Amino acid sequence: MKDIATIQRTKSILERHGFSFKKSLGQNFLIDLNILNKIVDAAELGEASGVLEIGPGIGSLTEQSAKRAKKVVALEIDQRLLPILEDTMSPYPHVHVIHGDALELDIQSIVEREFFSQGIEDISVVANLPYYVTTPIIMRLLESQIKFRSLVMMIQKEVAERIGAKPGTKAYGSLSIAIQYYAEANVSFIVPKSVFMPAPNVDSAVITLKMRPKPAVDVKDEAFFFEIARASFAQRRKTILNNLTNHLGKDKKMEIERLLGEAEIDPKRRGETLSLEEFARLADTILPLKNS
Ligand code: SAM
């Protein structure tokens, strides 16, 4: 039997099941075997690997992961895809599809039950993400504290540019900070629109996030560190002092200015110029102002 990710087989599966794409669910299926192989190559899967996939669609990527990994667990929101996946995944009994929203399912318990409790410790996320929820899904996976080895994900090229962005660039923002805090981030390769059915409006890229054994910087209060980073980018053209004052309260302006000095950060700088280390130092220094 041909692989799912060929135009011919994809079309025949869709026709047989009378499936129509839902744009609102970010349904752009991969139809290029070469790209799929490059994605699973980037994940460096082996016989002992476990794969968590978000949004298997009709199973084109799931199939390629299943050929290399010990077990694949795929979370799919669209109920109409369940009978299709039952059909296309029938040659792969080690694929388990779970119906639900990746933003609501308890991913920690799923990983515990499906992998760790079965002795599968080497877990990677391998996914072609639905683009309307790229950032919340990535954040949810990172913040889950699950010990993934790596996350290899297809996302919009424009978001991919933000993940590894350096301070002082337009692409640098709170997403860059969150990702670099948890992981070493790389853009593995760029993907043309033509390898999807239907073709999306934007170019795509595959990113690889290798989870750090411990975060890139030490902070006293992780949630406050992210809160401060987000607040510092709220209005990009404003100074760090103004953004922090807007966030923490106008009455605290003088105290914020004093603490910025203590953290050796010029209050006139813009948030986008601060490095991860500087955000960490800043968050620790102004921690006394949290909820004060
Ligand atoms: N993996 C397939 C491929 O590469 O051809 C399909 C990828 S398609 C870009 C995104 C998939 O995610 C669709 O199957 C869609 O139904 C599913 N999806 C969308 N939102 C989701 C959510 N919140 N939770 C889980 N799956 C979701």
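Just so you know, the residues in each chain are numbered from 1, in the order the chain's sequence is written. Two thresholds apply to this predicted model, a pLDDT of at least 70 for residue-level local features and 80 or more for giving and counting side-chain atom pairs, whereas whole-chain, interface and lining totals are computed over all residues. Excluded from the side-chain calculation are hydrogens and water; included are all heavy atoms of the structure.

A closer look at the UniProt feature "binding site: S-adenosyl-L-methionine" (unreviewed entry) in the protein chain
Basically, it comes down to this: UniProt positions are given in the numbering used here, feature names are shortened, and annotations may be inferred rather than shown by experiment. For each structure, a 1 Å grid was placed over the protein atoms alone; sets of points admitting a 1.4 Å probe that cannot get out are labelled cavities, open sets with protein on both sides within 12 Å along at least five of seven lines are labelled pockets, and lining residues have an atom within 4 Å of a point. Contact criterion: two residues are considered in contact whenever any of their non-hydrogen atoms come within 4.5 Å of each other. Where helices and strands are cited, they refer to DSSP runs of H or I of at least four residues and of E of at least two residues respectively, numbered from the N terminus.
According to UniProt, the positions carrying the feature "binding site: S-adenosyl-L-methionine" (unreviewed entry) are Asn28, Leu30, Gly55, Glu76, Asp101 and Asn128. Here, the largest cavity is lined by Asn28, Leu30, Gly55, Glu76, Asp101 and Asn128 out of the annotated residues. Apart from the residues within four sequence positions on either side, Leu30 is in contact with Ala5, Ile35, Leu36, Ile39, Ser60, Asn128, Met154, Val195 and Phe196. Along the polypeptide, Asp101 turns up in the loop between strand 4 (95–99) and helix 5 (107–114).

A look at helix 8 (residues 174–182)
Under the convention used in this document: Relative accessible area decides the class of each residue, using a 1.4 Å probe on protein chains only: under 20% of the type maximum gives buried, over 50% gives exposed, and in between gives partly exposed.
Burial within helix 8 is extensive, with eight of its nine residues counted as buried. Residues of helix 8 that are buried sit in contact with helix 6 (134–143), helix 7 (157–163), strand 7 (183–191), strand 9 (204–211), helix 9 (222–232) and helix 12 (276–285).

Things to note about the environment of Lys166
If you trace the backbone, Lys166 turns up in the loop between helix 7 and helix 8. Sequence separation between Lys166 and Ser176 is 10 residues; the distance between their C-alpha atoms is 8.1 Å.

A closer look at the site of the ligand
Where we set the bar: Note on terminology: near, applied to a residue and a molecule or strand, indicates that one of the residue's heavy atoms is within 4 Å of it. In protein, a polar contact means a hydrogen-donor-capable atom and an acceptor-capable atom, both N or O and within 3.5 Å, with residues adjacent in sequence counting only if both atoms are side-chain atoms; elsewhere, any N or O pair within 3.5 Å suffices. All accessible areas in this document rest on Shrake-Rupley with a 1.4 Å probe, and a residue is counted as covered only by the protein chains that are shown. Molecules are considered to sit inside a cavity or pocket once more than half of their atoms lie within 2 Å of its grid points.
Taken together, the neighbourhood of the ligand is formed by 23 residues, with Leu30, Gly55, Glu76, Asp101 and Tyr132 sitting nearest. Between the ligand and Leu30 there is a distance of 2.8 Å, counted from an oxygen atom to a backbone nitrogen or oxygen. With respect to the ligand, the backbone of Gly57 contributes an N or O atom lying 3.2 Å from an oxygen atom. A total of 590 Å² of accessible area belongs to the ligand in isolation, and the protein chains cover 99% of it. Here the ligand is seated within the largest cavity. Those elements giving two or more residues to the shell around the ligand turn out to be strand 1 (29–30) and strand 3 (71–76).

Section: the sheet that holds strand 2 (residues 49–54)
The strands making up a sheet are joined through hydrogen bonds of the backbone, oriented either antiparallel or parallel. What counts, and what does not: DSSP bridges decide pairing: two strands pair if at least two such bridges lie between them. To obtain an axis, a line is fitted to C-alpha atoms, over the contacting stretch when the element is a helix, and the angle between two such axes runs from 0 to 180 degrees between their N-to-C directions.
Strand order in the open sheet formed by seven strands is 4-3-2-5-6-9-7, with mixed pairing between adjacent strands. The two strands at the open ends of the sheet, each matched to only one other strand, are strand 4 and strand 7. When strand polarity is set aside, the average angle formed by the axes of neighbouring strands in this sheet is 20 degrees. Here five bridges tie strand 2 to strand 3, and the two strands are oriented parallel to one another.

Looking at the pairing of strand 6 (residues 150–156)
Convention followed: The handedness of a crossover follows from its direction of travel: if, with the strands pointing away from the viewer, the path from the first strand over the helix to the second runs clockwise, the crossover is right-handed.
Among the seven residues of strand 6, seven are classified as buried, and the element is accordingly described as predominantly covered. Alignment of strand 5 (residues 122–128) against strand 6, held across five bridges, turns out to be parallel. Bridge pairing in strand 6 links Ser124 to Ser150. For the segment spanning strand 5, helix 6 and strand 6, crossover handedness is right-handed. Bridge analysis of strand 6 against strand 9 gives seven bridges, and the strand direction is antiparallel. Across the sheet, Gln156 pairs through a bridge with Ser204, a residue of strand 9.

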